[in-house]
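Listed below are the residues making up each chain.
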4 protein chains.
Amino acid sequence: MKKIRVGLIGATGYGGVGLIELLINHPSVTIGALMAKQDINKPISAIYPHLKGFCDLPVFDPADPDCPDDFDIVFYATPDGVSQKGARRWLNKGVKVIDYSGDFRFNDKDSYASYAARIGKTKEHADPDVLPSAVYGLPELHREEIAKSDLVGNPGCFAVSCILGFSPALKSGLIDSKDIIFDAKSGVSGAGKTPSPTFHFPARYEAMNAYKVTGHQHVYEIERELSLLSGKEIKITFTPHVVPLSRGIIATIYANIVSNVNMESLTDAYSSMYGNEPFIRVFSHGEILSTTDVRGSNFCNISLNIDSRTGKLIVISLIDNLVKGQAGNALQNMNIMMKIEETTGLMYPGNFP
Amino acid sequence: MKKIRVGLIGATGYGGVGLIELLINHPSVTIGALMAKQDINKPISAIYPHLKGFCDLPVFDPADPDCPDDFDIVFYATPDGVSQKGARRWLNKGVKVIDYSGDFRFNDKDSYASYAARIGKTKEHADPDVLPSAVYGLPELHREEIAKSDLVGNPGCFAVSCILGFSPALKSGLIDSKDIIFDAKSGVSGAGKTPSPTFHFPARYEAMNAYKVTGHQHVYEIERELSLLSGKEIKITFTPHVVPLSRGIIATIYANIVSNVNMESLTDAYSSMYGNEPFIRVFSHGEILSTTDVRGSNFCNISLNIDSRTGKLIVISLIDNLVKGQAGNALQNMNIMMKIEETTGLMYPGNFP
Amino acid sequence: MKKIRVGLIGATGYGGVGLIELLINHPSVTIGALMAKQDINKPISAIYPHLKGFCDLPVFDPADPDCPDDFDIVFYATPDGVSQKGARRWLNKGVKVIDYSGDFRFNDKDSYASYAARIGKTKEHADPDVLPSAVYGLPELHREEIAKSDLVGNPGCFAVSCILGFSPALKSGLIDSKDIIFDAKSGVSGAGKTPSPTFHFPARYEAMNAYKVTGHQHVYEIERELSLLSGKEIKITFTPHVVPLSRGIIATIYANIVSNVNMESLTDAYSSMYGNEPFIRVFSHGEILSTTDVRGSNFCNISLNIDSRTGKLIVISLIDNLVKGQAGNALQNMNIMMKIEETTGLMYPGNFP
Amino acid sequence: MKKIRVGLIGATGYGGVGLIELLINHPSVTIGALMAKQDINKPISAIYPHLKGFCDLPVFDPADPDCPDDFDIVFYATPDGVSQKGARRWLNKGVKVIDYSGDFRFNDKDSYASYAARIGKTKEHADPDVLPSAVYGLPELHREEIAKSDLVGNPGCFAVSCILGFSPALKSGLIDSKDIIFDAKSGVSGAGKTPSPTFHFPARYEAMNAYKVTGHQHVYEIERELSLLSGKEIKITFTPHVVPLSRGIIATIYANIVSNVNMESLTDAYSSMYGNEPFIRVFSHGEILSTTDVRGSNFCNISLNIDSRTGKLIVISLIDNLVKGQAGNALQNMNIMMKIEETTGLMYPGNFP
């Protein structure tokens, strides 16, 4: 069978290398070219020595005319602002596109503008006409649209953990849609590969902190998805924290339950929505879930709890921010878009310890 | 000047060694005896080599008749259930007592029974008659009672961060007293010195998790203090998490603001209550606070934030769980009880990085 | 094709779970039964939640008559002293055996006795008659014997890094066989799953130390292998250290070069011995090798250096102690013994970061 | 008594902040001014929030004419190349100078040139005439010269651990002066405050590596000191490693013992040289020393071992690279130069855990 030919732009960042690690053992894929703006001409394995012998392809400047471009699908593992300028080139040739950034998570220019303002980018999208065709790439919510789409915006890592953790409770009407709080904790790899004083090892060792309190950009996509799901406008409180580990997100989610909700109805709601999901595992109150349970895997683990003293739902939702929160979820989208078994190349449990 | 003679029971745990580190350079104190149930007769510096040359006193069995007992004050750095059986002996001799555990955090037997049930202990306090004289040892709330007391129950580490972070907002009526949420994250040292599978290094490396969701025992003392402060019954939601670092607690606190509250009124409330506090530093929205800013010191750092989109107060409160959350706060209590300058032996900034 | 049926004794330790992680995706294997002395009847995925959905087999007591025993090969992922009492049962039935411990690393009873004395075990081997048939399971040195053997003693993790790092230099006569020093640094997972004060998270955080200076038990197998390889008796100095990370060993190896040795002759010696090895990657002076380059993979990375000022060879040898140092190497042995492609189920690069 | 007035250049790096932490509680010192090339005019406590309330002095550009300059002593906590251009200004005014870098560790221009070539700097010292008056600031070897000097070059952190660990063995003639090997492991803070890809948290988490194999610049000062001590030219092999923790160095030192050396003669040699040293603690074979035993303190812990099988001395030497390896040792030098008690402001045990 002819293999799917993949182009990867932004190959040298954490999102790029995470995808390469998965593609190496994906039975239906061949990597057509690796592209990036730095480390041009170096073999990727000179930058990431663990890939030596597995993938020694050189890094091309995407503008290099000698760079192969005969792909079936292109991944943009690039920061905000890059893919919106390049995606059309591929789409016009019939090549599908999956983007990691916020460039295609919003399918109208006004929503994009609100988002872009938050991250300090030009509010104007570079290619607003293509936006309506973009699909938000969370398979558990949009599988069918993803299957039909040529352009998918992969979700933000915090958004994956929050939306997956909360959707069944909201959709089933078990909670009051006001006073929803997401308290999220992330490992440092979520900040990417570029060194900074905040993520310098000695400064980060034994350091945890909240940041962007009341102002994180993932709020928009979470609110949009939750509003779509519930059919009314949802506003949320979201506080991100950085903790001194490399991989892993915990979102601790609080909402007020409506009367008569109990563990049984709650569990039913999650089973009903996620019963057939290959990458979601639901646990009940009392089971302790750790980020190591999902590290290196494409799973989202969810624990359900009710505080009957205060009438609160408390959901714990865990992912590996670089897998289900990024490269793994992107590959899941590719499998769906290319009409192959959705779990292909993704069924790894990770390593413990 | 005659030095204060200190007896320390439970000298070999983290709470004990943390106190010794501080007492070594305290100008008005001499250590009368170290006591513990293990490592009897060993010099403390054989157990904790960093103390070698600073404190080489042997560890006595507290039941050993040769153990000195001519103290001015005794610290119980022991687990729940120990000091309630021993405190009276010292009190009867006119020796003051500070206890780290929950044994003297509640001054009536019913409150104690509720607490004890939660931690799986006999509900009956061993010495209920002494309970009414016990004072909750949080100087910022009970300084004057502590000064008059002979028996102080040092607060739980989570409770310190939560109560200090939230009291001014509650006391000043700036928030609705319903829907108060404390999402707390702690380093591992809060679990003490005893090895366990959960805190085995490889199992804990890169592992973070929530635990005791809806069921942590510190809820009681937090609710009691907040209820006292506000004059009405307060119920809270509290979710503790363990993160893979040694020292540090962040409590992220959520509550609904009442109308017309803004950053100015909020800041005023905290200044009014904490303006003269030697160990509380208040920061405004946008300043990033890290646990390393309080590591090794007796300070509580607090940042104030309002999410105007959702009407939420968000307070970030940070302490070193072993200093302001334990030994440092206990020493602050001692200074108050012994009528010496409250900050004596406690003015260290900690080390960075 | 009929799948190889594997029995795994000691399934709940790190060595057991590491093998399960690999077997899950091994195309020619089915797991016949998991056995251990603890957590009997629990699904393995209740102990290790990351396995949920991948392997939910129950843990059997190996003495349970209901435990399946129709295996093609049995792995003992058990401490010293266990397999020597059980191996014969399997061998008599024609079932092959691979043992992780020191029980079958020595093929005569006197060598075993020296080793056993060092680790504080009874010197007498429980089944000395079977010892002569045991093969030391380091494929790079004993591939052909392993292929013919029914009983393989998997090497110690330190021994793998030291022997692989040094063998070509010794074999080719490029160094003086006196004054050989191995300075080894290991992550904590090498100590296994059992909690202890030394490996309690807070005590280990930011703590590194040397231990068993002059007295580590892996010295014996290293000296035996090096002596075999060089044809003369080799004595080595070996100092192990524990550093606060989970996985990874660096062995820094020092020896005196003989005259006229240079980087070229050195590189030739390593190429000559390892040119076709699937799991060894040799790097030259100046390339920085990190344990993360081999984490989660079955590779041994080696860097070659000469200090011409002092006439020293300095080799840096890196492995993941739980993969090439344990479960991965054991599986490589299985592939060889079962006459399937040696690299099957082992070609993973690991994840970065 | 008039306080010693200190000027600190390079106040915002780890070496600067480490000194400020100590000066805050030093009874005989007042900080005259903090200077740096970045963060000008900011209070130091805005850069390092743990100092808030302890030291809120602003950072001056050292070239600012408004910057105070009436100091008794100036510390240069700056990289190589800075103090050699500025020291004379202070010396001419009768102000003493202590420098952290390599600028004044060599007291002739040729030695400096060899060193400078190694670190890629101009070989020519900017002020060669002042070099002969510079003293190498290791109190345990040069206390009397330091007391008479106005210009002290504080040693490199690795050099402190290696020289202190090995000097008594060498001086007493207990070892062969050939084949001396220093295998050193350092925490990341030794690399300073500037972010880089190598020390980016996710890239460093669970990563350890050797670096500058055969080529580290501290070799020169170690060889110079050992040669001075033994009266003959010493050449050493030195391999530095970085491990993923913040503070701490272990130097594992290997040398061949001469005949008849045993633990007793070895211990005598160390007692004889270090018996009265306030900051050196010597331990015997079998005691496990961890970097946490010296973290946050000015101590060097040393363990002595003999491998009688191979005739090797093995010394384990531990320091906190930022205290005895930097700011603490510098302050010890200041105390000696200013004729106050050498241990003033330095007697802290550090915190455990």
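Attention now moves to the interface of chain A and chain C. Listed by partner, the interface residues are 24 residues for chain A and 25 residues for chain C. Of the residues forming the side of chain A that touches chain C, the biggest block, three residues, is contributed by helix α1 (residues 14-23) of chain A. For the side of chain A that touches chain C, the class distribution of residues is 11 nonpolar, nine polar and four charged.

Glancing now at the domain arrangement of chain A. Residue and element names in this part refer to chain A. Domain boundaries in chain A define domain 1 (4-154 + 325-337) and domain 2 (158-320). Distance from the C-alpha centre of domain 1 to the C-alpha centre of domain 2: 25 Å. For the side of domain 1 that touches domain 2, the secondary structure elements donating two or more residues are α4 (109-118), α5 (139-148) and α10 (323-337). Taken together, the residues of the side of domain 1 that touches domain 2 break down into six nonpolar, eight polar and three charged.

This paragraph deals with the pairing of strand β11 (residues 249-256) of chain B. It is a general feature of regular strands that their side chains alternate between the two faces of the sheet. Residue and element names in this part refer to chain B. Across the eight residues that make up β11, a large majority, seven, are buried. Pairing geometry for strand β8 (residues 180-186) and β11, over six bridges, is antiparallel. The residue bridging Lys-185 from the neighbouring strand is Ile-250, located in β11. Relative to strand β14 (residues 312-319), β11 runs antiparallel, the two being bridged by eight bridges. Counted as the bridge partner of Ile-253 is Val-315 from β14.

Note on the identical chains: chain A maps onto chain C by a rotation of 180° and an axial translation of 0.0 Å, with an RMSD of 0.0 Å. Expressed as an axis order, the relation between the two copies is that of a two-fold axis. In this assembly the copies share their binding face: 100% of the residues contributing to the interface of chain A also contribute to that of chain C.

Turning to the interface of chain D and chain C, a few remarks are in order. Taken together, the contact between chain D and chain C spans 43 residues of the former and 43 residues of the latter. Secondary structure elements with two or more residues in the side of chain D that touches chain C: β8 (180-186), α7 (201-204), β9 (209-210), β10 (236-242), β11 (249-256), β13 (300-307) and β14 (312-319) of chain D. Residues that form the side of chain D that touches chain C fall into these classes: 19 nonpolar, 14 polar and 10 charged.

Residue and element names in this part refer to chain D. Spatially, the seven strands line up as an open sheet ordered β9-β10-β8-β11-β14-β13-β12, and their pairing is mixed. Bordering the open sheet on either side are β9 and β12 (280-283), each of which pairs with just one other strand. Packed onto the sheet, helix α6 (residues 157-171) meets β8, β10, β11, β12, β13 and β14 and runs at close to 140° relative to β14.

At an RMSD of 0.0 Å, chain D and chain C line up after a rotation of 180° and a shift of 0.0 Å along the axis. Both copies present the same face, since 100% of the interface residues in chain D are matched by interface residues at the equivalent positions in chain C.

Conventions and cut-offs
- Residues numbered from 1 in each chain as written.
- Chains lettered and ligands numbered in written order.
- Predicted model: local features only at pLDDT ≥ 70, side-chain atom pairs only at ≥ 80, totals over all residues.
- Contact = placed C-beta atoms within 7 Å.
- Helix = DSSP H or I, 4+ residues; strand = E, 2+ residues; numbered from the N terminus.
- Nonpolar A, V, L, I, M, F, W, Y, C, P; charged D, E, K, R; others polar.
- Domains from an automatic or database assignment.
- Buried ≥ 20, exposed ≤ 12 C-beta atoms within 10 Å, placed from the backbone.
- Pairing = 2+ DSSP bridges.
- Least-squares fit on C-alpha atoms with pLDDT ≥ 70 in both.
- Axes fitted to C-alpha atoms, helices over the stretch in contact; angles between N-to-C directions.

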